[in-house]
Amino acid sequence: MKILLFLSNSLIPLLIFYIVGTGLLQKKNVYEEFIQGAQDGFHTVIKIMPTLIGLMVAVGILRASGLLKAISCFFAAIIKSDRIPSEIIPVFIVRLFSNSAATGLVLDIFKKYGTDSTLGYMSSIMMSSTETVFYTMSVYCMAVKVKHVRWMLPGALLAVLSGTVASILLAGIL
(Lines give C-alpha, C1' and ligand atoms only; values in the text may rest on other atoms or scores of the structure.)
Protein backbone atom coordinates (compact mmCIF):
# COMPACT_ATOMS: atom_id res chain seq x y z
CA MET A 1 0.00 0.00 0.00
CA LYS A 2 2.85 2.38 0.81
CA ILE A 3 4.35 1.86 -2.62
CA LEU A 4 1.04 2.87 -4.26
CA LEU A 5 0.93 6.03 -2.16
CA PHE A 6 4.53 6.81 -3.09
CA LEU A 7 3.80 6.28 -6.80
CA SER A 8 0.67 8.41 -6.75
CA ASN A 9 2.45 11.25 -4.94
CA SER A 10 5.52 11.21 -7.19
CA LEU A 11 4.04 10.46 -10.62
CA ILE A 12 2.90 14.00 -11.53
CA PRO A 13 6.17 15.74 -10.55
CA LEU A 14 8.16 13.05 -12.39
CA LEU A 15 5.99 13.52 -15.48
CA ILE A 16 6.55 17.30 -15.40
CA PHE A 17 10.32 16.86 -15.00
CA TYR A 18 10.31 14.35 -17.86
CA ILE A 19 8.46 16.74 -20.20
CA VAL A 20 10.69 19.70 -19.33
CA GLY A 21 13.83 17.57 -19.53
CA THR A 22 12.86 16.14 -22.92
CA GLY A 23 12.20 19.65 -24.22
CA LEU A 24 15.56 20.88 -22.97
CA LEU A 25 17.40 17.89 -24.47
CA GLN A 26 15.75 18.61 -27.82
CA LYS A 27 16.90 22.25 -27.46
CA LYS A 28 13.34 23.61 -27.52
CA ASN A 29 12.28 26.75 -25.72
CA VAL A 30 10.02 25.02 -23.19
CA TYR A 31 8.63 28.23 -21.72
CA GLU A 32 7.65 29.64 -25.14
CA GLU A 33 6.00 26.32 -26.07
CA PHE A 34 4.08 26.42 -22.79
CA ILE A 35 2.93 30.01 -23.39
CA GLN A 36 1.83 29.16 -26.95
CA GLY A 37 -0.14 26.15 -25.70
CA ALA A 38 -1.79 28.24 -22.99
CA GLN A 39 -2.81 30.87 -25.58
CA ASP A 40 -4.27 28.20 -27.84
CA GLY A 41 -6.18 26.76 -24.90
CA PHE A 42 -7.51 30.19 -23.97
CA HIS A 43 -8.76 30.79 -27.52
CA THR A 44 -10.49 27.40 -27.46
CA VAL A 45 -12.21 28.30 -24.19
CA ILE A 46 -13.42 31.58 -25.68
CA LYS A 47 -14.85 29.74 -28.71
CA ILE A 48 -16.76 27.16 -26.66
CA MET A 49 -17.91 29.51 -23.86
CA PRO A 50 -21.40 30.20 -25.32
CA THR A 51 -22.05 26.47 -25.61
CA LEU A 52 -20.93 25.88 -22.03
CA ILE A 53 -23.11 28.67 -20.68
CA GLY A 54 -26.12 27.41 -22.66
CA LEU A 55 -25.71 23.87 -21.30
CA MET A 56 -25.29 25.07 -17.71
CA VAL A 57 -28.38 27.29 -17.93
CA ALA A 58 -30.43 24.50 -19.51
CA VAL A 59 -29.52 22.01 -16.77
CA GLY A 60 -30.25 24.62 -14.10
CA ILE A 61 -33.68 25.29 -15.59
CA LEU A 62 -34.34 21.56 -15.90
CA ARG A 63 -33.65 21.02 -12.20
CA ALA A 64 -35.34 24.17 -10.88
CA SER A 65 -38.53 23.76 -12.90
CA GLY A 66 -39.27 20.26 -11.63
CA LEU A 67 -39.19 18.86 -15.15
CA LEU A 68 -36.31 16.58 -14.20
CA LYS A 69 -38.40 15.04 -11.42
CA ALA A 70 -41.35 14.60 -13.79
CA ILE A 71 -39.16 12.92 -16.42
CA SER A 72 -37.66 10.67 -13.76
CA CYS A 73 -41.10 9.65 -12.49
CA PHE A 74 -42.19 8.93 -16.08
CA PHE A 75 -39.20 6.66 -16.72
CA ALA A 76 -39.58 5.02 -13.31
CA ALA A 77 -43.19 4.16 -14.16
CA ILE A 78 -42.12 2.68 -17.49
CA ILE A 79 -39.22 0.66 -16.07
CA LYS A 80 -41.02 -0.65 -12.95
CA SER A 81 -38.05 -2.68 -11.82
CA ASP A 82 -36.93 -3.55 -8.32
CA ARG A 83 -33.30 -3.60 -9.49
CA ILE A 84 -33.35 -0.05 -10.90
CA PRO A 85 -34.11 2.45 -8.14
CA SER A 86 -35.97 5.59 -9.18
CA GLU A 87 -33.39 7.74 -7.36
CA ILE A 88 -30.73 6.79 -9.91
CA ILE A 89 -32.74 7.89 -12.97
CA PRO A 90 -32.14 11.66 -12.48
CA VAL A 91 -28.40 10.99 -12.23
CA PHE A 92 -28.53 9.08 -15.52
CA ILE A 93 -30.46 11.87 -17.29
CA VAL A 94 -28.43 14.79 -15.96
CA ARG A 95 -25.13 12.96 -16.51
CA LEU A 96 -25.81 13.10 -20.25
CA PHE A 97 -25.62 16.91 -20.08
CA SER A 98 -23.52 18.01 -17.11
CA ASN A 99 -20.95 16.34 -14.89
CA SER A 100 -21.15 18.97 -12.15
CA ALA A 101 -24.96 18.80 -11.92
CA ALA A 102 -24.80 15.00 -11.84
CA THR A 103 -22.16 15.21 -9.11
CA GLY A 104 -24.57 17.37 -7.11
CA LEU A 105 -27.26 14.71 -7.46
CA VAL A 106 -24.80 12.00 -6.41
CA LEU A 107 -23.85 14.03 -3.33
CA ASP A 108 -27.55 14.28 -2.48
CA ILE A 109 -27.77 10.47 -2.74
CA PHE A 110 -24.70 10.16 -0.48
CA LYS A 111 -26.27 12.46 2.13
CA LYS A 112 -29.62 10.67 2.10
CA TYR A 113 -28.58 7.01 1.72
CA GLY A 114 -24.86 6.96 2.57
CA THR A 115 -21.79 6.32 0.46
CA ASP A 116 -21.70 2.61 1.25
CA SER A 117 -25.33 2.00 0.32
CA THR A 118 -26.34 0.22 -2.87
CA LEU A 119 -27.45 3.56 -4.31
CA GLY A 120 -24.12 5.10 -3.31
CA TYR A 121 -22.20 2.33 -5.05
CA MET A 122 -24.49 2.46 -8.07
CA SER A 123 -24.18 6.22 -8.55
CA SER A 124 -20.40 6.14 -8.01
CA ILE A 125 -19.90 3.41 -10.58
CA MET A 126 -22.27 5.16 -12.98
CA MET A 127 -20.35 8.44 -12.70
CA SER A 128 -17.08 6.69 -13.48
CA SER A 129 -18.37 4.54 -16.34
CA THR A 130 -20.50 7.05 -18.26
CA GLU A 131 -19.85 10.28 -20.13
CA THR A 132 -21.51 13.66 -20.54
CA VAL A 133 -22.54 12.86 -24.11
CA PHE A 134 -24.30 16.05 -25.14
CA TYR A 135 -21.75 18.29 -23.43
CA THR A 136 -18.84 16.47 -25.03
CA MET A 137 -20.43 16.38 -28.46
CA SER A 138 -21.40 20.04 -28.45
CA VAL A 139 -18.09 21.31 -27.14
CA TYR A 140 -15.72 19.15 -29.14
CA CYS A 141 -17.70 19.09 -32.36
CA MET A 142 -17.98 22.87 -32.20
CA ALA A 143 -14.29 23.31 -31.40
CA VAL A 144 -13.10 21.23 -34.36
CA LYS A 145 -16.08 22.12 -36.59
CA VAL A 146 -17.39 18.58 -37.06
CA LYS A 147 -20.68 18.78 -38.96
CA HIS A 148 -21.49 15.14 -39.75
CA VAL A 149 -22.07 13.14 -36.58
CA ARG A 150 -24.10 10.31 -38.06
CA TRP A 151 -23.12 7.47 -35.71
CA MET A 152 -21.55 9.51 -32.93
CA LEU A 153 -24.72 10.07 -30.89
CA PRO A 154 -26.13 6.51 -31.12
CA GLY A 155 -22.72 5.05 -30.29
CA ALA A 156 -22.24 7.39 -27.34
CA LEU A 157 -25.73 6.72 -25.99
CA LEU A 158 -25.17 2.96 -26.32
CA ALA A 159 -21.92 3.30 -24.38
CA VAL A 160 -23.63 5.31 -21.63
CA LEU A 161 -26.46 2.80 -21.42
CA SER A 162 -23.90 -0.01 -21.16
CA GLY A 163 -22.08 1.83 -18.38
CA THR A 164 -25.35 2.40 -16.55
CA VAL A 165 -26.39 -1.25 -16.80
CA ALA A 166 -22.92 -2.28 -15.63
CA SER A 167 -23.16 0.06 -12.63
CA ILE A 168 -26.53 -1.42 -11.65
CA LEU A 169 -25.27 -4.98 -11.98
CA LEU A 170 -21.97 -4.33 -10.20
CA ALA A 171 -23.64 -2.42 -7.34
CA GLY A 172 -26.04 -5.34 -6.89
CA ILE A 173 -23.05 -7.67 -6.46
CA LEU A 174 -21.23 -5.51 -3.90
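### Considering the packing of helix α7 (residues 133-143) against helix α8 (residues 152-173)
Part 1: Orientation of α7 relative to α8, taken along the N-to-C sense of each, is 145°, at an axis distance of 10 Å. Handedness of the α7/α8 crossing: right-handed. Of the residues in α8, those touching α7 at Val133, Phe134, Met137 and Cys141 are Met152, Leu153, Ala156, Leu157 and Val160.
Part 2: A class-by-class count of the residues in the contact of α7 with α8 yields nine nonpolar, no polar and no charged.

### A look at the environment of isoleucine 88
Part 1: Here isoleucine 88 is to be found in the loop between α3 (67-79) and α4 (89-95).
Part 2: Assessed through its relative accessible area of 2%, isoleucine 88 is described here as buried.
Part 3: Spatially, the C-alpha atom of isoleucine 88 lies 15 Å from that of arginine 63, the residues being 25 residues apart in sequence.
Part 4: Leave out the neighbours within four places in its chain, and isoleucine 88 touches Ile109, Leu119, Met122, Ser123 and Met126.

### Here we look at the packing of helix α2 (residues 30-65) against α3
Part 1: It is the contact of α2 with α3, at a shortest axis distance of 4 Å, that shows an interaxial angle of 70°. Between α2 and α3, the angle is such that the two are roughly perpendicular. Across the interface between the two elements, Leu62, Arg63 and Ser65 from α2 touch Leu67, Leu68 and Ile71 from α3.
Part 2: Along the lines of polarity and charge, the residues of the contact of α2 with α3 split into four nonpolar, one polar and one charged.

### Points about unusual backbone geometry
Part 1: The phi dihedral of lysine 27 falls on the positive side, at around 60°, and the residue is not glycine.
Part 2: Along the chain, lysine 27 turns up in the loop between α1 (2-25) and α2.
Part 3: Lysine 27 gets classed as exposed once you look at its relative accessible area, which sits at 75%.
Part 4: Even without being glycine, lysine 145 reaches a positive phi, approximately 60°.
Part 5: Inspection of the secondary structure puts lysine 145 in the loop between α7 and α8.
Part 6: For lysine 145, a relative accessible area of 58% translates into the label exposed.

### Comments concerning the packing of aromatic side chains
Part 1: With the rule as written, the count across this model stands at two aromatic pairs.
Part 2: Ring centres 5.6 Å apart and planes at 65° place the aromatic pair phenylalanine 74 and phenylalanine 75 in the edge-to-face group.
Part 3: Accessibility expressed as a relative area gives 35% for phenylalanine 75, which makes it partly exposed.
Part 4: Where phenylalanine 97 meets phenylalanine 134, the ring centres are 4.9 Å apart and the plane angle is 20°; that geometry is what we call stacked. Placement of phenylalanine 97 in the loop between α4 and α5 (99-113) and of phenylalanine 134 in helix α7 is noted, with a sequence separation of 37 residues between them.
Part 5: The exposure class of phenylalanine 97 is partly exposed, given its relative accessible area of 28%.

### Observations concerning the nonpolar core
In summary, soluble globular proteins display a tendency toward joint burial of nonpolar side chains.
Part 1: Counting residues in each nonpolar core, the largest one holds 19 residues, and the members touching the most others are Leu68, Val91 and Val94.
Part 2: Secondary-structure elements contributing two or more residues to this core are α2, α4, α5, α6 (118-129) and α8.
Part 3: Per-element accounting of this core gives the leading share, five residues, to α5.

### Some thoughts on the confidence of the model for the protein chain
Part 1: Summing up the model confidence of the protein chain, the mean pLDDT is 87 and the portion of residues at 70 or higher is 99%.
Part 2: When mean pLDDT is taken per element in the protein chain, α6 scores highest with 93 and α7 scores lowest with 81.

### Some remarks on α1
Part 1: Here α1 is 24 residues long and its end C-alpha atoms lie 33 Å apart, about the 34 Å a rise of 1.5 Å per residue gives.
Part 2: In the structure, α1 departs most strongly from a straight axis at leucine 11, where the bend amounts to approximately 40° and where the proline proline 13 lies between one and four residues downstream.
Part 3: Here α1 lies mainly on the outside; two of its 24 residues are buried.
Part 4: In the stretch just after α1, lysine 27 is the one whose phi turns positive, near 60°.

Here is what the cut-offs are and how they apply
- Residues numbered from 1 in each chain as written.
- Predicted model: local features only at pLDDT ≥ 70, side-chain atom pairs only at ≥ 80, totals over all residues.
- Heavy atoms only, no water.
- Axes fitted to C-alpha atoms, helices over the stretch in contact; angles between N-to-C directions.
- Helix = DSSP H or I, 4+ residues; strand = E, 2+ residues; numbered from the N terminus.
- Left-handed = near helix turned anticlockwise from the far one by under 90°.
- Contact = heavy atoms within 4.5 Å.
- Nonpolar A, V, L, I, M, F, W, Y, C, P; charged D, E, K, R; others polar.
- Buried < 20%, exposed > 50% of the residue type's maximum accessible area, 1.4 Å probe, protein only.
- Parallel < 35°, antiparallel > 145°, perpendicular 65-115°, else oblique.
- Phe/Tyr/Trp six-rings, centres within 6.5 Å; stacked < 30°, edge-to-face > 60°.
- Core = buried A, V, L, I, M, F, W, Y, C linked by side-chain atoms within 4.5 Å.
- pLDDT = per-residue confidence, 0-100.
- Expected span 1.5 Å × (residues − 1).
- Bend = angle between axes of the 7 residues up to and from the residue.

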